[in-house]
Amino acid sequence: MVMNREKIFQLAKGFRGRSKNCIRIARASVEKALQYAYISRKLKKRDYRSLWITRISAGAKEHGMNYSTMMYGLKQDNIQLNKKMISELAMNEPYSFKAVLDRSRDVATANGKLPPHAALKAILKDTSL
Amino acid sequence: MQTATTSKISAAIARPVKTYDKYSAVVACRPVASIPSATARLTLGHSTSCECVKCGFRSAVADSSFLGSFNSRASYRKISTKAMAEEEPVVEETTIEVEEVEEVAAAQAAPAAPVSAFDAVIEVGGTQQLVSEGRFYSCNSLKVEPGTTIAFERVLAVKDGDNLKIGQPYVSGAKVMATVLENYKGKKEIVYKMKPKKHTRSKRGHRQHLTKFLVTSVTP
C-alpha cells in the first residue's frame, strides 16, 4: 500500500535525524517501525507473562515456597486464577496472595511435593505477615 | 447520610470515594504517612489501571491491554434492558468533601492491613479482571446495549469480609452485578506487513471493539 507523504511524516514524528524530514529516508524508517510494531505486539504478550511469573516467584519465595511448587498446588486444586491475577495479588493484596499460596501449600504437602519439614520451615520462616 | 458515609469510610480504610462523572472519579488513595492529602483526582479514562497523581500509588485494578479473544460462551448474563438507561449510573450517591476524608484518614493510626482495592476476580471477555465496586472497567465487546444491567457469574475469587473465597474454578453463588456504560472502539492500530525486495506490502487498520462497564455490586 502506498502511504502519502503526510501520513508518513505523521508516523515519523520523533525519529532521529533525516528520518523525520526527508521523505525517501522517512519512508524506509516508517515501514521498519510498523513492522517492528507488528512483531512487538506479539512479543508484548510473552514479555508480560514472563514478568508475571517472576513476580509470583518472588512472592512465593517470600513465603518459603517456589514458583513451580506453587503452580503445581494450584493446578491440583483446580484454581484457575491466571498468572496475571496472581501477580496482581502478590503485588497489591498480600493477604489474598497468602491465602492462595496457603491453599497451594496444603495441596503440595498432601501430594508429597513439598516435604513436611520444608513446609514447616517455610511457615516458621514466614515473617512477612 | 453523613454518619453513614463517615462510618463507611472508617470501616473500610480508604475505600474509594465514588462519584462517577463520565471519565473521571474522585478516589481516596491509600493513607500512607508520606501522602499529604488523602484524596486525588484520578483519570480513569479507557484504561483500567489507575494511578494516583499525587502519590503514585497504583491501585490493583486490572490491566486491560491484553484483551483476549471473545469467549463464545458468554461470561455475563443480561439482567434488565435499556429501561434503566435514563438513570444516572452513579453508584454511591455521596459527594464527600476533601477535608472530611483527610481528617478521618489522619485520625486513623498507621493502617494495619493493606488497602483492598479489589473485591473479586471475574472472567470476562476471555480474560480475567480484578474488579471493585464502584469502578468501571473495559473488556472486549459484550454486544450489549449501554444501560443494561448484567451479571457476571464466573467469579474466580471473591473477598468475603476479611476472607478470600477461592473458587475451584468458580466460586458457587458469587455474582458481580454491573451496568454497561458504553460500547466504544479502541485506538487504531496499523497492521503493516512487507517483505523487502519482494514487491509485497499490505496495510490494514484495526480498532478493537470494547465495552465499558461499571460494577455496581459484588456478592460473595
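Residues numbered from 1 in each chain as written. Chains lettered and ligands numbered in written order. Predicted model: local features only at pLDDT ≥ 70, side-chain atom pairs only at ≥ 80, totals over all residues. Heavy atoms only, no water.

Under an unreviewed UniProt entry, the name given to chain B is Large ribosomal subunit protein bL21m, and the source organism is Cymbomonas tetramitiformis. Check the Sequence similarities (unreviewed entry) section of the UniProt entry for chain B; it says "Belongs to the bacterial ribosomal protein bL21 family." (UniProt positions renumbered as here; feature names shortened; annotations may be inferred.)

Per an unreviewed UniProt entry, chain A is named 50S ribosomal protein L20, and its organism is Cymbomonas tetramitiformis. In its Function (unreviewed entry) section, the UniProt record describing chain A reads: "Binds directly to 23S ribosomal RNA and is necessary for the in vitro assembly process of the 50S ribosomal subunit. It is not involved in the protein synthesizing functions of that subunit." A UniProt comment under Sequence similarities (unreviewed entry) is attached to chain A, and it reads "Belongs to the bacterial ribosomal protein bL20 family."

(A) Just the overall build of chain B, in detail. Along the backbone of chain B there are two helices and 13 strands. Residue pairs in contact within chain B that sit at least 24 positions apart in sequence constitute 65% of those at least 6 positions apart. (Helix = DSSP H or I, 4+ residues; strand = E, 2+ residues; numbered from the N terminus. Contact = heavy atoms within 4.5 Å.)

(B) Structural detail: the overall build of chain A. The secondary structure content of chain A amounts to six helices and zero strands. Along its sequence from the N terminus, chain A presents helices and strands in the succession α-α-α-α-α-α. For chain A, the residues scored as buried account for 38% of the 129 residues in total. Of the contacts formed within chain A by residues at least 6 apart in sequence, a portion of 53% connects residues at least 24 apart. Of the roughly 7800 Å² of accessible surface on chain A, a fraction of 55% belongs to carbon and sulfur atoms. (Buried < 20%, exposed > 50% of the residue type's maximum accessible area, 1.4 Å probe, protein only. Areas by Shrake-Rupley, 256 points an atom, 1.4 Å probe, with all protein chains shown as cover.)

(C) The pairing of strand β7 (residues 149-152) of chain B, seen in detail. Residue and element names in this part refer to chain B. The side-chain alternation of β7 yields two buried faces, one formed by Thr-149 and Ala-151 and the other by Ile-150 and Phe-152. One ladder, built from four bridges, connects β7 with strand β10 (residues 175-185); its direction is antiparallel. In the strand pairing of β10, Thr-149 is matched with Thr-179. (Pairing = 2+ DSSP bridges.)

(D) Region of interest: the side chain of B:Gln128. Structurally, the position occupied by B:Gln128 is in strand β5 (residues 127-131). At 2.8 Å, the side chain of B:Gln128 forms a polar contact with the backbone oxygen of A:Gln80. A polar atom in the side chain of B:Gln128 sits 2.8 Å from the backbone nitrogen of A:Asn82. Ignoring anything within four residues of it in the chain, the contact list for B:Gln128 reads A:Gln80, A:Leu81, A:Asn82, A:Lys84, A:Met85, B:Val121, B:Ile122, B:Glu123 and B:Leu156. (Polar contact = N/O pair within 3.5 Å; in protein donor to acceptor, adjacent residues only side chain to side chain.)

(E) Representation of the nonpolar core within the structure. Counting residues in each nonpolar core, the largest one holds 24 residues, and the members touching the most others are A:Met70, A:Leu81, A:Ile86, A:Val100 and B:Val121. Counting residues per element, the ones that place at least two in this core are α2 (23-62), α3 (67-76), α4 (83-92) and α5 (94-110) of chain A together with β8 (155-160) and β9 (163-166) of chain B. Those residues in contact with A:Val100, other than ones at most four positions away along the chain, are A:Met70, A:Leu74, A:Leu81, A:Leu89, B:Leu164 and B:Ile166. Counting residues in hydrophobic clusters, the runner-up holds 21 residues, among them B:Ile122, B:Val131, B:Ile150 and B:Val215. (Core = buried A, V, L, I, M, F, W, Y, C linked by side-chain atoms within 4.5 Å.)

(F) Representation of the sheet that holds strand β4 (residues 120-124) of chain B. Residues and elements named next belong to chain B. Spatially, four strands are ordered β5-β4-β8-β9 in an open sheet, and the strand pairing comes out antiparallel. Taken across any chain shown, the strands that pair with only one partner, and hence form the sheet edges, are β5 and β9. Direction aside, the axes of adjacent strands within the sheet are offset by 25 degrees on average. Judged from the five bridges that link them, β4 and β5 form a sheet pairing that is antiparallel. Considered in β5, the bridge of Ile-122 is made with Gln-129. (Axes fitted to C-alpha atoms, helices over the stretch in contact; angles between N-to-C directions.)

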